Amino acid sequence: SRGEANTREKNLAAGKTKIMDKLNVEVIVALLSYSACSSLMLIANKLAITNIPLPSLVTLVQLISCTAFIFALSAKHPNLVDKIEWVKVKPYMVYVGSFSAGIYCNMKALEKSNVDTVIVFRCCTPLVVALMDYIFLGRELPNLRSSASLVVLLIGATGYVMSDSAFRMDGVAAYFWVTVYFFLLCFSMTYGKLVTDATPMKSMWGPALYSNFLSIPPTLLFGLVAQEWKQSHRVAWTSGSLGALIVSCVLGVGISYTGWYARSLVSATTYTLVGVMNKMVTVAINLLIWDQHASFAGLCWLTLCIGAGTMYQQAPMRPGEGKQSDPHSQPPSSAQTQKS
């Protein structure tokens with residue numbers, strides 16, 4: 001009857017509303033937890049690399065610590081973590097290469113420049129990732145508002161570079177490592193989203209395990225090629241340096257899980273932009289604990305960059321494209337619902 005049909009429609013609408021509310025809460029929790037880890041991770045890495053100026057060693061300890069934690073978690077909860085399988089390893093090989101190289105370049109950038117310089121280059125990544133989202137992941141191009149926010153990001157980044165004393169003194173050479181890091185990060189953000197959608201896992205501990213475990217050999221290789229063991233005499237193994245390393249390892253575990261968790265729920269561009277937004281906390285902490293930060297003019301340009309990012313709106317999927325990467329198009333997958 002018509003009454004029964006109306007009742008079914010109301011129940012269906014109510015069910016969809018509950019699903020969307022649950023999904024929206026999940027997205028918020030994922031982004032907030034990722035932001036907390038990400039905003040502190042850059043500072044922790046700077047502290048670690050300042051006390052232990054061996055980028056590959058610091059990264060290697062972080063990767064091994066995270067891998068050991070996940071293996072221990074797997075031993076206690078075998079249904080929570082995926083086993084290492086070749087069919088799943090293959091899609092991660094390319095990602096792991098860019099991920100490992102990106103971490104190494106990030107460490108070198110932090111060693112050679114200040115935290116603010118690394119942040120402002122990250123502010124520019126949504127410009128590239130938005131285009132890659134359109135080309136490879138089936139999303140629309142950003143609307144007028146979002147395009148304007150990305151343009152303001154570029155203007156702010158340019159202003160920052162012009163006010164940076166490192167650029168004025170050393171020119172382009174001061175930006176080598178952070179520039180390489182920029183392009184590797186853009187690729188990793190896009191390809192990581194592709195891998196997440198194409199390779200189902202029991203939970204986000206699976207991608208965290210694969211990305212950390214498979215990154216150990218290339219990171220070790222980077223250290224050998226750079227002959228870091230010859231610089232070991234520069235390290236003062238104090239309680240402070242060990243403490244900084246331990247804190248970075250703990251945050252590394254957190255960002256490994258929350259990063260993949262957030263990436264699975266939003267577009268590559270939105271995920272990239274969230275990483276930019278949470279750096280305001282990083283800037284505040286950096287001002288409190290370091291004298292190696294940007295000038296007042298540079299900080300103003302940096303604030304403009306981050307403010308512009310708040311105006312960005314996630315682009316929808318193009319008609320006819322798959323909806324699996326759009327959290328607002330359908331309920332979360334079974335893999336996503338197990339993340340808690």
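Quick caveat, the model's predicted, so the values are computed rather than measured.

Engineer: Before we go on, may I ask you to explain helix 9 (residues 216–225) in this structure?
Structural biologist: At 3.6 residues per turn, the α-helix brings residues three or four places apart onto the same side. When we look at burial in helix 9, the residues that qualify are I216, T219 and G223. Angularly, the buried residues of helix 9 cover 70 degrees about the axis, an arc narrow enough to put them on a single face. Exposed residues on helix 9 whose side chains face more than 90 degrees from its buried face are P217, L221 and V225. Buried residues belonging to helix 9 abut helix 2 (55–76), helix 3 (86–112) and helix 8 (205–213). Count one or two residues on from helix 9 and you reach Q227, which has phi positive near 55 degrees.

Engineer: Mind showing me how you'd approach the packing of aromatic side chains here?
Structural biologist: To describe a pair of aromatic rings, one takes the distance between the centres and the angle between the planes. Under the criterion given, the structure shown has 15 aromatic pairs. On the numbers, 5.5 Å between centres and 10 degrees between planes, the contact of F187 with Y191 is stacked. In this pair, F187 and Y191 both sit in helix 7 (residues 176–198), four residues apart, roughly one turn of the helix. Three or more aromatic residues joined by ring pairs form one cluster here, namely Y92, Y95, F99, Y210 and W260.

Engineer: Explain the nonpolar core to me, please; I cannot follow it from the model alone.
Structural biologist: One recurring pattern in soluble globular proteins: nonpolar side chains tend to sit buried together. If you look at the biggest cluster of nonpolar residues, it comprises 73 residues, and the most contacted ones within it are Y92, C123 and W205. Excluding residues within four positions of it along the chain, C123 makes contact with L153, V276, L302, C305 and I306.

Engineer: How do you make sense of unusual backbone geometry when you look at a structure like this?
Structural biologist: Comment: phi is negative for the bulk of residues other than glycine, and the bulk of peptide bonds are trans. A positive phi angle, close to 55 degrees, is found at Q227, a residue other than glycine. Along the polypeptide, Q227 turns up in the loop between helix 9 and helix 10 (239–265). Note on Q227: relative accessible area 35%, which makes it partly exposed.

Engineer: Explanation requested: the side chain of S248 in the structure shown.
Structural biologist: Position of S248 among the secondary structure elements: in helix 10. Residue classification places S248 among the buried positions, given a relative accessible area of 0%. Among residues more than four places away in sequence, those in contact with S248 are M41, A44, N45, A48 and Q62.

Engineer: Honestly, the packing of helix 3 against helix 8 in this entry has me stumped. Any pointers?
Structural biologist: For any two helices packed against each other, the geometry comes down to the angle between their axes and how far apart the axes lie. Running from amino to carboxyl end, helix 3 crosses helix 8 at an angle of 60 degrees, the nearest separation of the two axes being 9 Å. Classified by the angle between their axes, helix 3 and helix 8 sit oblique to one another. Handedness of the crossing formed by helix 3 with helix 8: right-handed. Listed contacts from helix 8 to K88, V89, Y92, Y95, V96 and F99 of helix 3 are P207, Y210 and S211. Considered class by class, the residues forming the contact of helix 3 with helix 8 number seven nonpolar, one polar and one charged.

Engineer: Just to check I follow, could you spell out the confidence of the model for the protein chain for this structure?
Structural biologist: The predicted coordinates should not be examined in detail at positions where pLDDT is low. Averaged over all residues, the pLDDT of the protein chain is 79; the fraction at 70 or higher stands at 78%. Per-residue pLDDT, averaged within each element of the protein chain, yields its smallest value for helix 14 (residues 334–337) (35) and its largest for helix 2 (94). In the predicted structure, residues 323–340 sits below a pLDDT of 50 and forms 48 contacts with residues beyond four places in sequence or in another chain.

Engineer: I keep staring at the environment of E85 and nothing clicks. Help me out?
Structural biologist: Looking at the secondary structure, you find E85 in the loop between helix 2 and helix 3. A sequence separation of 125 residues divides E85 from Y210, and the C-alpha atoms of the two residues are 9.6 Å apart.

Engineer: Help me understand the packing of helix 2 against helix 9, please; the structure alone is not making it clear to me.
Structural biologist: Relative to each other, helix 2 and helix 9 sit at 165 degrees, their axes nearing to 9 Å. For the element pair helix 2 / helix 9, the angle class is roughly antiparallel. Where helix 2 crosses over helix 9, the two elements pack in a sense that is left-handed. In this structure, helix 2 uses S56, T59, L60, L63, I64 and T67 to contact helix 9, whose residues at the interface are I216, T219, L220, F222 and G223.

Engineer: I tried to follow the environment of C123 on my own but got confused; where do I start?
Structural biologist: In this structure, C123 sits in helix 4 (residues 115–136). What makes C123 buried here is its relative accessible area of 0%. Measuring from C-alpha to C-alpha, the distance between C123 and L302 comes to 8.5 Å, with 179 residues separating the pair along the chain.

Rules used in this analysis
- Residues numbered from 1 in each chain as written.
- Predicted model: local features only at pLDDT ≥ 70, side-chain atom pairs only at ≥ 80, totals over all residues.
- Heavy atoms only, no water.
- Buried < 20%, exposed > 50% of the residue type's maximum accessible area, 1.4 Å probe, protein only.
- Helix = DSSP H or I, 4+ residues; strand = E, 2+ residues; numbered from the N terminus.
- Arc of directions from axis to C-beta.
- Contact = heavy atoms within 4.5 Å.
- Phe/Tyr/Trp six-rings, centres within 6.5 Å; stacked < 30°, edge-to-face > 60°.
- Core = buried A, V, L, I, M, F, W, Y, C linked by side-chain atoms within 4.5 Å.
- Axes fitted to C-alpha atoms, helices over the stretch in contact; angles between N-to-C directions.
- Parallel < 35°, antiparallel > 145°, perpendicular 65-115°, else oblique.
- Left-handed = near helix turned anticlockwise from the far one by under 90°.
- Nonpolar A, V, L, I, M, F, W, Y, C, P; charged D, E, K, R; others polar.
- pLDDT = per-residue confidence, 0-100.

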